[in-house]
Amino acid sequence: MALLGLSIELLALFIGFGFMVGVFFGFFGMGGSFLVTPALLILDYPAPVAIGSSMAFVFGTAVIATLKHHDVGEVDYKLGALMFVGIVLGIEGGKAVVFFLEALGRAELVVGVAYILLLAAIGVLFVRSALNQSTDDDDDTGDEIPEIAQTIKSYNIPPMVTLTDGSKASMWTISGVGGGVGLVSGFLGVGGGFIRMPAIYYLIGVSLTAAVGTSLFGALMSGAVGAFTYGLSGVIDIGVVTALLMGSALGARIGSAATAYVDEDDVTIYFGIMLLLASTAVAFGELATWLEMPILDTVSFVLLVGSSLFVTVVIFYYGVQAVRTTDSHPGTAAKGND
Amino acid sequence: MLGLDTLSPTVQATLLVAVVLVEAIVLYAGYGVVERAVAPPVIERLGNG
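The structure displayed is predicted, hence computed values, not measured ones. (Residues numbered from 1 in each chain as written. Chains lettered and ligands numbered in written order. Predicted model: local features only at pLDDT ≥ 70, side-chain atom pairs only at ≥ 80, totals over all residues. Heavy atoms only, no water.)

K.L.:
When you look at the overall build of chain A in this model, what are you seeing that I'm missing?
P.N.:
Along chain A, the regular secondary structure elements total 12 helices and 4 strands. The burial tally for chain A puts 53% of its 338 residues in the buried class. For chain A, the accessible surface area stands at approximately 13,900 Å², while carbon and sulfur atoms represent 67% of it. (Helix = DSSP H or I, 4+ residues; strand = E, 2+ residues; numbered from the N terminus. Buried < 20%, exposed > 50% of the residue type's maximum accessible area, 1.4 Å probe, protein only. Areas by Shrake-Rupley, 256 points an atom, 1.4 Å probe, with all protein chains shown as cover.)

In structure tokens, the structure reads:
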């Protein structure tokens, strides 16, 4: 028996995995997409299908995040529109690289290795952030333009454009950020919020609040363009996307609600460790192909799903403990970069 | 089955984006109804437990 073109087992797996990814997305504001492509690769989906389906999933989660916020927050629409061309070209470029590698029979390997490095890097950042959190007292105020952005802005490479806040930025910087993030999105099938938001903040130099809102707006554009671009090649598995969204839409609500009860600092280190395990899982997946040892595929799968399940349970555990010991009420601290 | 294969790639890709958009909106709204009905008693029960 099959539903959405998937066996019942796969359907349940994708809904369950989507649920966990949604919890991370709602709670941490990220993790929504950079776990999906690796999971599909481990399940032996071809790289273009894994990346294209992940891009469509990114679009769905970005829509849900936008609905959750009621709007996308403080958005510099002019900046978003100027970045659009770069995003489109970047995604097209990323897709072209994927299909070129696929023609060479190396797409799964290269994308897999890229994910090993990406997940490990983000995992290390999270673990380090968790270990150093007690000494981090100098948070950004949200309105200050970072020094590096001021330096980049001072170069005045024409054509210069005036942004919504009245400041000026080079069209080259804006196009570079849009194109660079689009390339990563199109190549890996991720929303790219984890690099787009810092890039908008540090390289273009808008306020932090506008950077967050404009980044989410960018996720909508990236997701829609990515889904359309890969859709043109007919490689998106809509059954997989639907099952993942069915789980993630629910998980995101619970993850978002949990932020009202659970201190993010308590679970950040688990999320970092999970990303490191996910990186290891993808490495096992690559080794399974390279060494022709199917058992490593199983190890890889168990590691990825098991570590995700563990962090989900940790968030639930802290949430239930907090509800039992406090009288706080659910808030609307919805996050959602992508 | 639905004859979608006969449509041009551009139309198919546009339809796909539209389907994902509608799915996301329906899921968001549907789970919103469930959350409003289920969340308060669950939180209360957990608080009392």
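K.L.:
It is not clear to me how the interface of chain B and chain A should be interpreted in this structure. Could you clarify?
P.N.:
When the parts of a complex come together, some accessible area is lost, and that lost area is often taken as the interface size. Listed as interface residues are 21 residues of chain B and, on the opposing side, 25 residues of chain A. Carbon and sulfur atoms supply 76% of the area buried between chain B and chain A, which totals about 2,200 Å² over both sides. Here chain B and chain A share 1 salt bridge between them. Arg253 of chain A serves as the salt-bridge partner of Glu35 of chain B, at 2.4 Å between the closest nitrogen and oxygen. For the interface between chain B and chain A, the tally reads 4 residue pairs in polar contact (both at pLDDT 80 or more). Tallied by class, the residues present in the side of chain B that touches chain A amount to 14 nonpolar, 5 polar and 2 charged. (Contact = heavy atoms within 4.5 Å. Buried area = accessible area lost by both parts, 1.4 Å probe. Salt bridge = Lys/Arg side-chain N within 4 Å of Asp/Glu carboxyl O. Polar contact = N/O pair within 3.5 Å; in protein donor to acceptor, adjacent residues only side chain to side chain. Nonpolar A, V, L, I, M, F, W, Y, C, P; charged D, E, K, R; others polar.)

K.L.:
Hey, could you run me through helix α5 (residues 107–132) of chain A in this one?
P.N.:
Structurally, the α-helix is built with 3.6 residues per turn, so residues lying three or four positions apart point the same way. Over its 26 residues, α5 of chain A extends 37 Å from the first C-alpha to the last, a length consistent with the 38 Å expected when each residue adds 1.5 Å. Listed in full, the buried residues belonging to α5 of chain A are Ala107, Val111, Gly112, Tyr115, Leu118, Leu119, Ile122, Gly123, Phe126, Val127 and Ala130 of chain A. (Expected span 1.5 Å × (residues − 1).)

K.L.:
Looking at this structure, I do not really get the UniProt feature "transmembrane region" (unreviewed entry) in chain B. What am I missing?
P.N.:
In the numbering adopted here, UniProt assigns the feature "transmembrane region" (unreviewed entry) to residues 12–34 of chain B. Helix makes up 100% of residues 12–34 of chain B and strand 0%, whereas the separation of the span's terminal C-alpha atoms amounts to 32 Å. (UniProt positions renumbered as here; feature names shortened; annotations may be inferred.)

K.L.:
Explanation requested: helix α7 (residues 171–188) of chain A in the structure shown.
P.N.:
All names here are of chain A. The terminal C-alpha atoms of α7, which comprises 18 residues, lie 25 Å apart, in line with the 26 Å expected from a rise of 1.5 Å per residue. The set of residues buried in α7 consists of Ile174, Val177, Gly178, Gly179, Val181, Gly182, Ser185, Gly186, Phe187 and Leu188. Sitting at the head of α7, Ser170 places a side-chain oxygen 3.1 Å from the backbone nitrogen of Trp172. In the stretch just after α7, Gly189 is the one whose phi turns positive, near 75°.

K.L.:
Quick question: what am I supposed to make of the packing of aromatic side chains here?
P.N.:
One pair of aromatic rings is described through two measures. These are the centre distance and the angle between the planes. Considering all chains together, one arrives at 8 aromatic pairs over all chains under this definition. Following the ring pairs from residue to residue traces out a cluster consisting of Phe24, Phe126 and Phe271 of chain A. Sitting over the ring of Phe99 of chain A, Lys95 of chain A keeps its end group 5.5 Å from the ring centre. Here the guanidinium or amino end of Arg253 of chain A rests over the ring plane of Tyr28 of chain B, the centre of that ring lying 4.5 Å away. (Phe/Tyr/Trp six-rings, centres within 6.5 Å; stacked < 30°, edge-to-face > 60°. Lys NZ or Arg CZ within 6 Å of the ring centre and 35° of its normal.)

K.L.:
Quick question: what am I supposed to make of the nonpolar core here?
P.N.:
Nonpolar side chains in soluble globular proteins generally cluster together in the buried interior. Residue and element names in this part refer to chain A. Phe17, Phe28, Phe34, Leu35, Tyr115, Leu275 and Ile315 are the most contacted members of the largest nonpolar core, which totals 84 residues. In terms of residue count, helix α3 (residues 47–69) provides more of this core than any other element does, 12 residues in total. Among residues more than four places away in sequence, those in contact with Phe17 are Leu35, Val36, Ala39, Leu244, Leu304, Val305 and Ser308. Counting 22 residues, the second largest nonpolar core, distinct from the first, contains Val75, Ile91, Ile204 and Ala211. (Core = buried A, V, L, I, M, F, W, Y, C linked by side-chain atoms within 4.5 Å.)

K.L.:
Before we go on, may I ask you to explain a nonpolar patch on the surface in this structure?
P.N.:
All names here are of chain A. A surface patch of nonpolar side chains, amounting to about 580 Å² of accessible area, comprises Leu287, Trp290, Leu291, Met293, Ile295 and Val299. Looking at the nonpolar patch, the elements with two or more residues in it are α11 (264–291) and α12 (294–325). Of the residues forming the nonpolar patch, the biggest block, 3 residues, is contributed by α11. For Met293, the position within the fold is in the loop between α11 and α12. (Patch = residues over 30% accessible without salt bridge, like charges linked within 9 Å, V, L, I, M, F, W, Y side chains within 5 Å.)

K.L.:
Can you help me understand the side chain of Thr37 of chain A in this one?
P.N.:
Residues and elements named next belong to chain A. Examined against the element boundaries, Thr37 turns out to sit in helix α2 (residues 36–42). A polar atom in the side chain of Thr37 sits 3.1 Å from the side chain of Ser54. One polar contact links Thr37 to Tyr115, side chain to side chain, over a distance of 3.3 Å. Those residues in contact with Thr37, other than ones at most four positions away along the chain, are Ala50, Ile51, Ser54, Tyr115, Leu188 and Gly189.

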